[in-house]
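The chain contents come next:
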Amino acid sequence: MIKFINANKWFNGHHILKSINLEISQGEVVVICGPSGAGKSTLLRTINKLEPIDDGEIIVDGKYLTDPKTNLTALRAEVGMVFQHFNLYPHKTALKNITLAPHKVKGLSKAQSRERAIKLLERVGLSHRCDAFPSQLSGGEQQRVAIARSLAMEPKVMLFDEPTSALDPELINDVLDVMISLAKEGMTMVVITHEIGFAQKVADRVVFMDSGEILEIGSPPDIFVNPQHPRTREFMSKVFHIPIFSEAQEEDA
Ligand code: ADP
């Protein structure tokens, strides 16, 4: 579904993505983690060409992203994206935020896009908040509207860039529950998150990045419990307080 072939990107002479090779199958859930500045967000944004790459190739559902003929509007309808700060239209209600793109981009009638939006708001547990403006919604509710807005385009892939990191802790689970149900329904998902519980529950693979490189890819236990690369071990011990055992200690244990 998504294939990076030796993809490279520079910002102002800085090598931000270094020879990225990664293949993500349809229905797979891939979590990307790593320190701030590792290039995670840039990597994610290359998948819908919010950031173009400078070298190499990315193929999404058969479309070559370096081909200037690739239709970006069609690509972005297929690849939904959810941001850390929701990015809802502040002057439109929850319902209007969702109906807009299906009506304008996909050509659904107003009634069809409204019907779809109401179903999606039900699905994310917000059918009672159709007429609320973003400022009247909690962060968790805004993020669930943002997810519903992406789903209204019937994407084949969903990208999540730290979707819960701006939320109060007690609002995180409602958002994660929506994401878990999407994953279980077979949506192809690429998620930047440090929510280890989410990753353990639904991720097929975890990608660890640092300094623009993919250093390690594995199952959640491979990466969180038994990382091989020293940098992954160091990061996991700091962020998740997962102890680093030396081989001698492991033998003693
Ligand atoms: P992460 O998501 O892992 O925190 P980012 O992908 O946001 O990392 O950033 C990777 C590096 O690229 C950082 O050094 C950041 O400063 C730089 N960077 C990101 N976006 C831009 C941009 N638009 N222009 C210049 N540098 C950028």
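Scroll up to find the structure.
Residues numbered from 1 in each chain as written. Predicted model: local features only at pLDDT ≥ 70, side-chain atom pairs only at ≥ 80, totals over all residues. Heavy atoms only, no water.

Another aspect to go through is the overall build of the protein. Assigned secondary structure in the protein consists of 10 helices and 10 strands. Against the globule reference of 18 Å for 253 residues, the protein gives a C-alpha radius of gyration of 19 Å, in line with a compact fold. Seen through its C-alpha atoms, the protein measures out along the principal axes to roughly 65 × 45 × 30 Å. Across the 253 residues of the protein, 47% fall into the buried class. Across the protein, the fraction of contacts at a sequence separation of at least 24, relative to all contacts at a separation of at least 6, is 65%. When the accessible surface of the protein is totalled, it reaches about 12,200 Å², and 49% of it is carbon and sulfur. (Helix = DSSP H or I, 4+ residues; strand = E, 2+ residues; numbered from the N terminus. Rg over C-alpha atoms; globule rule 2.2 N^0.38 Å. Buried < 20%, exposed > 50% of the residue type's maximum accessible area, 1.4 Å probe, protein only. Contact = heavy atoms within 4.5 Å. Areas by Shrake-Rupley, 256 points an atom, 1.4 Å probe, with all protein chains shown as cover.)

Read across the open sheet, the six strands follow the order 6-7-8-3-9-10; overall the sheet is mixed. Every other strand in the sheet has two partners, leaving strand 6 (79-82) and strand 10 (213-218) as the edge strands with one partner each. Across the sheet, the mean angle from the axis of one strand to that of its neighbour is 20°, orientation sign disregarded. Strand direction decides the pairing type here: strand 7 (residues 157-161) and strand 8 (residues 188-192), joined by five bridges, are parallel. In the sheet register, Phe160 faces strand 8, and the bridge partner there is Val191. Against the sheet, helix 5 (residues 139-151) contacts strand 6 and strand 7, and its axis sits at roughly 170° relative to strand 6. Here helix 6 (residues 169-184) sits on the sheet and contacts strand 3 (29-33), strand 7 and strand 8; the angle it forms with strand 8, its principal contact strand, is near 145°. (Pairing = 2+ DSSP bridges. Axes fitted to C-alpha atoms, helices over the stretch in contact; angles between N-to-C directions.)

For Lys49, which is not glycine, the phi torsion reads 60° and is therefore positive. Here Lys49 shows up in the loop between helix 1 (40-46) and strand 4 (55-60). By relative accessible area, which is 23% here, Lys49 ends up partly exposed. The backbone of Asp61 sits at a positive phi, close to 50°, despite the residue not being glycine.

Looking now at the layout of surface pockets. For the largest pocket, the calculated volume is near 530 Å³. Looking at the largest pocket, it is lined by 19 residues, and the ones nearest its centre are Arg76, Tyr89, Ala101, Arg149 and Ser150. The element contributing the most residues to the lining of the largest pocket is helix 3 (residues 94-104), with four residues. Here the lining of the largest pocket is composed, by residue class, of 10 nonpolar, six polar and three charged. (1 Å grid on protein atoms, 1.4 Å probe; cavity = no way out; pocket = protein on both sides within 12 Å on 5 of 7 lines; lining within 4 Å. Points joined across faces, edges and corners; volume = space filled by probe spheres on them. Nonpolar A, V, L, I, M, F, W, Y, C, P; charged D, E, K, R; others polar.)

Keep in mind these values describe shape, not function.
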